[in-house]
Amino acid sequence: MQPVLFLSHGGGPLPLLDDPEHAELLLTYALIRHKLDGLQPLPSALLFISAHWETREPTLTAAAQPSLLFDYYGFPPQSYQLRYPAPGAPGLAAALAEQLAAGGWTTHLDAERGLDHGVFVPGMLLFPRADIPCLQLSLLDSLDAAAHVKLGHALRGVREQNVLIIGSGFSFHNMRAFFDPVTEREAQLNLAFENWLEATLGIENEQERERALVSWKHAPGAAFCHPREEHLLPVHVCAAAAGHSVTREWRFTALGRHGSCYWWD
């Protein structure tokens, strides 16, 4: 059975451009890559749930050789020339669509959409050989926390198919704050939410853990850290897909803000 991984993926392509504000994130990724390299067996496919794709109903990429979607702007020219030639997994996408349908979901396949930077940035850092097939599952545009927990439940059997589930978002995502000076109050709110998230994911009772995740807006610092929740919801999917409390956490600072990544055995 493969583990489940949540990644805070940083600011656009900056982790790939030697940005000094992402030095700690890159050190964290080096530790995660070392842990991934020790997996036996290595995953036969990677299923990403990225913050950068929202649809009304769950949708899976189904291209045999997916392109890259440069869904950012204002970065250096080299950031639009990146390549990550990992193959797709159309057969697996079809099988997962059937699995989700059996769980009551109306699911779609998209053979045209490329992999967004929530996939190819961590992919290039953690799986640089690009030899493991990748596919992507959308978030729900309702941004409903309970629905994303339910979606995670429907993915539990995927782990037994030697597929590594990777949620890709950011445990802190306030775009305006990223460009503002860090105040003491904001730093406290940021840290309070990180502490809440770590404690919540560590709750052993599944029902209690999931109730807390669904009610995340009541957490300290929640409104400041996530004015819009799309970068947090991959955590909900991952925690529900894992089905137990978190095994390992890594913390770092990027763009002046605290962030974290999580691993479930």
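Conventions and cut-offs
Residues numbered from 1 in each chain as written. Predicted model: local features only at pLDDT ≥ 70, side-chain atom pairs only at ≥ 80, totals over all residues. Heavy atoms only, no water. Helix = DSSP H or I, 4+ residues; strand = E, 2+ residues; numbered from the N terminus. Rg over C-alpha atoms; globule rule 2.2 N^0.38 Å. Buried < 20%, exposed > 50% of the residue type's maximum accessible area, 1.4 Å probe, protein only. Contact = heavy atoms within 4.5 Å. Areas by Shrake-Rupley, 256 points an atom, 1.4 Å probe, with all protein chains shown as cover. Lys, Arg positive; Asp, Glu negative; His and termini not counted. Charge placed at Lys NZ, Arg CZ, Asp CG, Glu CD. Expected span 1.5 Å × (residues − 1). Arc of directions from axis to C-beta. Phe/Tyr/Trp six-rings, centres within 6.5 Å; stacked < 30°, edge-to-face > 60°. Salt bridge = Lys/Arg side-chain N within 4 Å of Asp/Glu carboxyl O. Axes fitted to C-alpha atoms, helices over the stretch in contact; angles between N-to-C directions. Parallel < 35°, antiparallel > 145°, perpendicular 65-115°, else oblique. Left-handed = near helix turned anticlockwise from the far one by under 90°. Nonpolar A, V, L, I, M, F, W, Y, C, P; charged D, E, K, R; others polar. Pairing = 2+ DSSP bridges.

**Comments concerning the overall build of the protein chain**
A count of helical and extended segments in the protein chain gives 9 helices and 8 strands. Compactness check: the protein chain gives a C-alpha radius of gyration of 17 Å against a globular reference of 18 Å for 265 residues, within 12% of the reference. Projected onto the principal axes, the alpha-carbon positions of the protein chain cover approximately 50 × 45 × 35 Å. The burial tally for the protein chain puts 57% of its 265 residues in the buried class. Across the protein chain, every contact between residues at least 6 apart in sequence was considered, and the portion connecting residues at least 24 apart equals 80%. In the structure as shown, the protein chain presents an accessible area of about 11,000 Å², 53% of it carried by carbon and sulfur atoms. Averaging the locations of the 18 positively and 29 negatively charged side chains of the protein chain gives two centres separated by 2 Å.

**A few points about helix α1 (residues 23-37)**
When the terminal C-alpha atoms of α1 are compared, their 21 Å separation across 15 residues agrees well with the 21 Å that a helix rising 1.5 Å per residue should span. Within α1 the residues assigned to the buried category are Leu25, Thr28, Tyr29, Ile32 and Leu36. Each buried residue of α1 sits inside an arc of 100° when the element is viewed along its axis, so together they form one side. Within α1, the exposed residues directed more than 90 degrees away from the buried face are Leu27 and His34.

**Considerations on the packing of aromatic side chains**
Summed over all chains, the structure comprises 13 aromatic pairs. Plain terms: the ring middles of Phe70 and Tyr80 are 6.2 Å apart, the flat faces sit at 70° to each other, and that makes the pair edge-to-face. Of this pair, Phe70 sits in the loop between β3 (59-61) and α2 (90-102) while Tyr80 sits in the loop between β3 and α2, and the two are 10 residues apart along the sequence. On the accessibility criterion, Phe70 (25% relative accessible area) is partly exposed.

**Some points on the pattern of salt bridges**
Throughout the structure, instances matching the rule amount to 12 salt bridges. For Asp37, the salt bridge is made with Arg33, and the minimal N-O distance between the two is 4.0 Å. Of this pair, Asp37 and Arg33 both sit in helix α1, 4 residues apart, which is roughly one turn of that helix. Residue class for Arg33 comes out partly exposed when judged on its relative accessible area of 30%. Its salt-bridge partner being Glu230, residue Arg228 comes within 3.2 Å of it at the nearest N-O pair. Linked by salt bridges that have partners in common, Glu54, Arg228 and Glu230 make up one network.

**Quick word on the packing of helix α4 (residues 145-154) against helix α9 (residues 233-242)**
One can describe the packing of α4 onto α9 by two numbers: an axis separation of 7 Å at closest approach and a directional angle of 40°. When the axes of α4 and α9 are compared, the pair comes out oblique. Note that α4 runs across α9; the crossing there is right-handed. In contact with Ala145, His148, Val149, Gly152 and His153 of α4, α9 contributes Leu233, His236, Val237, Ala240 and Ala241. Tallied by class, residues from the contact of α4 with α9 come to 6 nonpolar, 4 polar and no charged.

**So, the pairing of strand β2 (residues 45-55)**
Within β2, 9 of the 11 residues are buried, leaving the element largely enclosed by the surrounding structure. Note that β2 and strand β6 (residues 163-169) share 6 bridges and pair parallel. Bridge pairing links Ser50 to Ser168 in β6. Note: β2 against strand β5 (residues 134-140), 6 bridges, orientation parallel.

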